Amino acid sequence: MLEEIGPFLEVLLGGLMAGVLYALVALGFVLIFKASGVFNFAQGAMVLFAALTLVRLMEVLPFVLAFAASCAIMVALAFAIERLVLRPLVNQEGLILFMATIGITFFIDGFGQTLWGSDIYTLELGLPKSPWIILDPPLPGGILVSPVDVFAAVTAGALVAGLAVFFNRTKVGRALRAVADDHQAAQSVGIPLNTIWLIVWSVAGVVALVAGMAWGTKLGVQFSLALVALKAIPVIILGGLTSIPGAIVGGLIIGAGEKLAEVYIGPAFGGGIENWFAYVVALLFLLFRPQGLFGERIIERV
Amino acid sequence: MQSATARAERGEGQPAAGRKFGGEILKVDGISLSFGGVKALSDVSFSIREHEIFAIIGPNGAGKSSMLNVINGFYHPQQGTVTYKGVTRRDVDPHDAARNGIARTFQNIALFKGMSTLDNVMTGRILKMRRGILWQALYWGPAQREEIEHRAFVERIIDFLEIQAIRKTPVGRLPYGLQKRVELARALAMEPDLLLLDEPMAGMNVEEKEDMCRFILDVNEQFGTTIALIEHDMGVVMDISDRVVVLDYGRKIADGTPDVVRGDKAVIDAYLGVAH
Ligand SMILES: Nc1ncnc2c1ncn2[C@@H]1O[C@H](COP(=O)(O)OP(=O)(O)OP(=O)(O)O)[C@@H](O)[C@H]1O
Ligand SMILES: [Mg+2]
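Keep in mind that what you see is a predicted model, and the values were worked out from it rather than measured.

The rules behind the values
Residues numbered from 1 in each chain as written. Chains lettered and ligands numbered in written order. Predicted model: local features only at pLDDT ≥ 70, side-chain atom pairs only at ≥ 80, totals over all residues. Heavy atoms only, no water. Helix = DSSP H or I, 4+ residues; strand = E, 2+ residues; numbered from the N terminus. Buried < 20%, exposed > 50% of the residue type's maximum accessible area, 1.4 Å probe, protein only. Contact = heavy atoms within 4.5 Å. Areas by Shrake-Rupley, 256 points an atom, 1.4 Å probe, with all protein chains shown as cover. Rg over C-alpha atoms; globule rule 2.2 N^0.38 Å. Lys, Arg positive; Asp, Glu negative; His and termini not counted. Charge placed at Lys NZ, Arg CZ, Asp CG, Glu CD. Axes fitted to C-alpha atoms, helices over the stretch in contact; angles between N-to-C directions. Parallel < 35°, antiparallel > 145°, perpendicular 65-115°, else oblique. Left-handed = near helix turned anticlockwise from the far one by under 90°. Near = heavy atom within 4 Å. Polar contact = N/O pair within 3.5 Å; in protein donor to acceptor, adjacent residues only side chain to side chain. Nonpolar A, V, L, I, M, F, W, Y, C, P; charged D, E, K, R; others polar. Core = buried A, V, L, I, M, F, W, Y, C linked by side-chain atoms within 4.5 Å. Buried area = accessible area lost by both parts, 1.4 Å probe. Salt bridge = Lys/Arg side-chain N within 4 Å of Asp/Glu carboxyl O. Pairing = 2+ DSSP bridges. Donors = N, O, S within 2.8 Å, 3.2 Å for Na, K, Ca; no water. Expected span 1.5 Å × (residues − 1).

Caption draft 1: Seen up close, the overall build of chain B. The helix and strand inventory of chain B stands at eleven helices and ten strands. When each of the 276 residues of chain B is scored for burial, the buried share is 54%. Pairs at least 24 residues apart make up 67% of the contacts formed inside chain B by residues separated by at least 6 positions. In the form shown here, chain B has an accessible surface area of approximately 12000 Å², with 50% of it arising from carbon and sulfur atoms.

Caption draft 2: Quick peek at the overall build of chain A. Across its full length, chain A holds twelve helices and two strands. Along its sequence from the N terminus, chain A presents helices and strands in the succession α-α-α-α-β-β-α-α-α-α-α-α-α-α. Here chain A has a C-alpha radius of gyration of 20 Å; the compact-globule value for 302 residues is 19 Å, and the two agree. When its C-alpha atoms are laid out on the principal axes, chain A stretches across 65 × 55 × 35 Å. Within chain A, the proportion of its 302 residues that are buried is 50%. Sequence-distant contacts in chain A: of pairs separated by 6 or more residues, those separated by 24 or more amount to 73%. Element-wise, carbon and sulfur atoms account for 70% of the exposed surface of chain A, whose accessible area totals about 13700 Å². Side chains of chain A give 15 positive and 18 negative charges; the mean places of these two sets differ by 13 Å.

Caption draft 3: How the structure looks around the packing of helix α10 (residues 244-264) of chain A against helix α12 (residues 277-288) of chain A. Residues and elements named next belong to chain A. As a packed pair, α10 and α12 sit with axes 9 Å apart at the nearest point and diverge in direction by 120°. Classed by the angle they form, the pair α10 and α12 counts as oblique. Where α10 crosses over α12, the two elements pack in a sense that is right-handed. Taken together, the residues of α12 that come into contact with α10 (itself represented by Ile254, Gly257, Glu258 and Ala261) are Phe277, Ala278 and Val281.

Caption draft 4: Up close: the site of ligand 1. Residue and element names in this part refer to chain B. Around ligand 1 lies a shell of 14 residues, among which Gly61, Lys64, Ser65, Ser66 and Gln107 are the nearest. Here an oxygen atom of ligand 1 and a backbone polar atom of Ala62 are 3.1 Å apart. Between ligand 1 and Tyr75 there is a distance of 3.0 Å, counted from a nitrogen atom to a side-chain nitrogen or oxygen. Protein burial of ligand 1: of its 630 Å² of free accessible surface, 65% is covered by the chains. For the shell around ligand 1, the elements supplying multiple residues, two or more each, are β2 (38-49) and α2 (64-71). Sort the elements by how many residues they give to the shell around ligand 1 and α2 lands first, with three residues. Partitioned by chemical class, the residues of the shell around ligand 1 number five nonpolar, seven polar and two charged.

Caption draft 5: Up close: the nonpolar core. Of all hydrophobic cores here, the largest spans 134 residues; its most connected members are Ile191 of chain A together with Leu161, Leu195 and Ile216 of chain B. With 16 residues, the single largest contributor to this core is helix α8 (residues 193-219) of chain A. Not counting residues within four places of it along the chain, the set of residues in contact with Leu161 of chain B comprises Arg181, Leu184, Ala185, Leu188 and Phe215 of chain B. Core analysis: the second largest hydrophobic core is formed by 28 residues, Val44, Ala62, Ile102 and Leu247 of chain B among them.

Caption draft 6: Focus on the interface of chain B and chain A. Opposite the 31 residues of chain B that make contact, chain A presents 22 residues. Of the roughly 2300 Å² buried between chain B and chain A, counting both surfaces, carbon and sulfur atoms make up 68%. Counting across the chain B and chain A interface gives one salt bridge. We note a salt bridge from Asp119 of chain B to Arg174 of chain A, for which the minimum N-O separation is 3.6 Å. For the pair chain B and chain A, the interface holds three residue pairs in polar contact (both at pLDDT 80 or more). Ranked by the residues each element gives to the side of chain B that touches chain A, the list is headed by helix α5 (residues 133-138) of chain B, at four residues.

Caption draft 7: Just the pattern of salt bridges, in detail. All names here are of chain B. Following the criterion strictly, the structure yields 23 salt bridges over all chains and no others. Between Arg214 and Asp211 there is a salt bridge, and its shortest N-O distance comes to 3.1 Å. Note that Arg214 and Asp211 are positioned in helix α8 (residues 206-223) at a spacing of three residues, about one turn of the helix. Where salt bridges share partners, they join Arg49, Glu52, Arg243, Lys252 and Asp255 into one cluster.

Caption draft 8: Looking closely at the pairing of strand β3 (residues 53-57) of chain B. Residue and element names in this part refer to chain B. Of all the five residues making up β3, five are buried; the element is thus mostly covered by neighbouring parts of the structure. Taking every second residue as pointing to the same face, both faces of β3 are buried, with Ile53, Ala55 and Ile57 on one and Phe54 and Ile56 on the other. Where β3 and strand β8 (residues 226-230) come together, four bridges link them in parallel fashion. Of the residues in β8, the one forming a bridge with Phe54 is Ala228. With four bridges joining them, β3 and strand β9 (residues 243-248) adopt parallel strand pairing. From the neighbouring strand, Phe54 faces β9, where its bridge partner is Arg243.

Caption draft 9: Here's a closer look at the coordination of the magnesium ion (ligand 2). Coordination of the magnesium ion (ligand 2) by the protein involves Ser65 of chain B (OG) and Gln107 of chain B (OE1), with metal-donor separations of 1.9 to 2.1 Å. Of the two residues, Ser65 of chain B is situated in helix α2 and Gln107 of chain B in the loop between β6 (102-104) and α4 (117-123); the sequence distance between them amounts to 42 residues.

Caption draft 10: Representation of the environment of His95 of chain B. Mapped onto the fold, His95 of chain B is located in helix α3 (residues 94-99). Considering only alpha carbons, one finds His95 of chain B and Ser116 of chain B, 21 residues apart in sequence, at a separation of 24 Å. Separated by 3.2 Å, the side chain of His95 of chain B and the backbone oxygen of Gly190 of chain A make a polar contact.

Caption draft 11: Just the side chain of Thr101 of chain A, in detail. All names here are of chain A. On the secondary structure map, Thr101 appears in helix α4 (residues 94-116). In this structure the side chain of Thr101 is engaged in a polar contact, spanning 2.7 Å, whose partner is the backbone oxygen of Phe98. Contacts of Thr101, omitting those with residues within four sequence positions, involve Val38, Phe39, Asn40, Phe41, Ala42 and Trp201.

Caption draft 12: Here's a closer look at α8 of chain A. Residues and elements named next belong to chain A. Along its 27 residues, α8 runs 37 Å from first to last C-alpha, staying within 8% of the 39 Å computed at 1.5 Å per residue. In terms of burial, α8 is largely enclosed, as 22 of its 27 residues are buried. Looking at the residues trailing α8, positive phi occurs at Gly220, about 85°.

Caption draft 13: Examining the pairing of strand β10 (residues 251-256) of chain B more closely. Residues and elements named next belong to chain B. Alignment of β9 against β10, held across five bridges, turns out to be antiparallel. The residue bridging Asp248 from the neighbouring strand is Arg251, located in β10. Where β9 folds back onto β10 in an antiparallel hairpin, the turn is made up of two residues, including Tyr249, whose phi is positive at roughly 45°.

Encoded structure:
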């Protein structure tokens with residue numbers, strides 16, 4: 001019995017840790033969607049751009065300074081997007097804004113590569129390479145966890161906790177929830193939409209930076225980071241596009257689910273399930289519960 | 001029926017008797033607004049005096065809501081100006097309007113559905129909080145002290161509108177009449193000088209309408225708030241308003257005291273649907 005629990009826990013844990021990272025990217029989508037009703041296609045590009053910025057700045061600056069400078073750059077990017085794209089397109093339909101974010105994606109990709117180069121960079125945060133062995137006394141042989149995964153999960157967890165406090169306990173949080181619920185009503189009480197968008201895109205930028213840093217440490221900083229964002233799409237379908245807890249729980253479910261599926265039912269399909277499992281789950285959700293686990297049911301009034 | 005009650009509440013036989021108004025708080029001048037081919041407003045002018053209860057009436061699609069949207073800056077007219085507290089503008093910015101003391105409610109209730117009554121009303125205090133939004137994000141202690149002060153103010157409004165029982169209820173679960181009342185509470189929390197009410201009593205039963213009338217009159221009397229309201233119920237309009245403007249197909253067809261407007265031929269024709 002114990003012999004089976006060990007590997008199971010190891011897979012589960014690895015999956016949950018990957019899930020935290022999916023959750024982080026999904027969170028970026030949800031924040032922006034809630035506040036401005038825009039499905040931000042550029043979230044993945046922002047992750048890559050942030051990671052590139054960080055890794056290149058770390059070549060000349062100590063980590064803390066490089067991180068702070070990267071945050072500042074992400075805020076500046078948010079500022080530019082708000083001014084140059086969102087403000088002129090205010091009150092346009094969701095589809096138009098979505099197309100605009102596709103444009104932003106190409107811009108950020110190109111700009112990032114011009115500015116920072118398009119090689120593969122390793123992001124070295126000085127974490128130990130060899131895995132830790134935990135739970136050795138109860139389980140024979142213990143289970144292996146990678147310090148990089150633990151670091152990523154802890155950072156992501158801290159960020160999520162910080163955001164939860166920010167949005168639930170501050171005046172900005174109330175203003176943000178107001179904007180998410182009803183733009184016009186929010187404006188009528190004097191909430192400045194532009195400031196809220198700026199805050200939300202900045203927060204999404206910083207979230208992208210943390211996600212990029214965590215993924216970059218695991219996989220290296222390279223173009224495929226932008227594709228990790230595609231994994232966030234099943235996550236938000238599962239969690240609901242408007243729910244922050246949904247993004248987190250959805251991320252954990254997808255992360256753990258795909259790893260467990262790979263190990264336990266993968267052999268029946270000849271392996272490789274991990275690559276498409278999340279999308280099948282998302283498809284099932286779209287069929288049976290399109291609003292996601294936590295999303296609000298969309299009722300069309302006639 | 002509610003007329004008698006409302007009038008009794010105010011303790012007056014004649015609507016106009018004993019009412020004191022200040023100078024002109026708002027003037028709209030030559031406003032024309034169209035959406036593509038649809039002319040929502042054509043060359044509409046009128047002015048509202050301080051402390052007045054001012055009604056805008058007219059058949060469906062006459063342009064009443066559009067007028068309120070121009071006043072608080074949601075719509076920008078192609079022609080004309082809005083003069084508020086002596087400052088003349090072509091385009092009003094909703095944020096400026098709110099900052100300068102214009103609050104409003106909506107024809108289709110626009111509450112923050114995910115929040116409780118209390119939180120909804122608290123959003124009305126956002127502009128009264130001394131620190132800007134960004135500042136509040138960074139400092140935590142002073143922000144909380146301020147929150148408590150505003151909370152006390154909001155509780156008074158909640159008492160005033162008699163919605164203590166639903167303070168913690170998410171507004172999405174409230175019946176329609178109460179939602180309208182929460183919307184009014186949110187607007188009042190802004191301590192407005194000019195309150196715009198778009199059909200505050202639509203869809204209410206007689207009892208709810210009577211309550212709403214009483215609240216509107218009390219707000220006007222106790223806080224001196226100027227009120228511009230749109231309403232379809234003629235009994236209510238004639239009873240509580242000091243002055244009435246009538247719109248029809250985007251044009252102003254009458255402007256005067258309720259008694260004058262009631263007898264106006266053009267108004268009667270508009271309401272009876274006489275061909276133009
Ligand atoms: N945002 C908009 N886009 C396009 N047309 C609009 C818009 N707002 C108003 N209209 C049009 O302007 C005209 C006036 O509408 P408005 O809502 O101001 O009328 P109303 O007097 O408030 O009517 P009701 O009593 O039905 O509320 C209508 O023909 C309406 O279709
Ligand atoms: Mg209307």
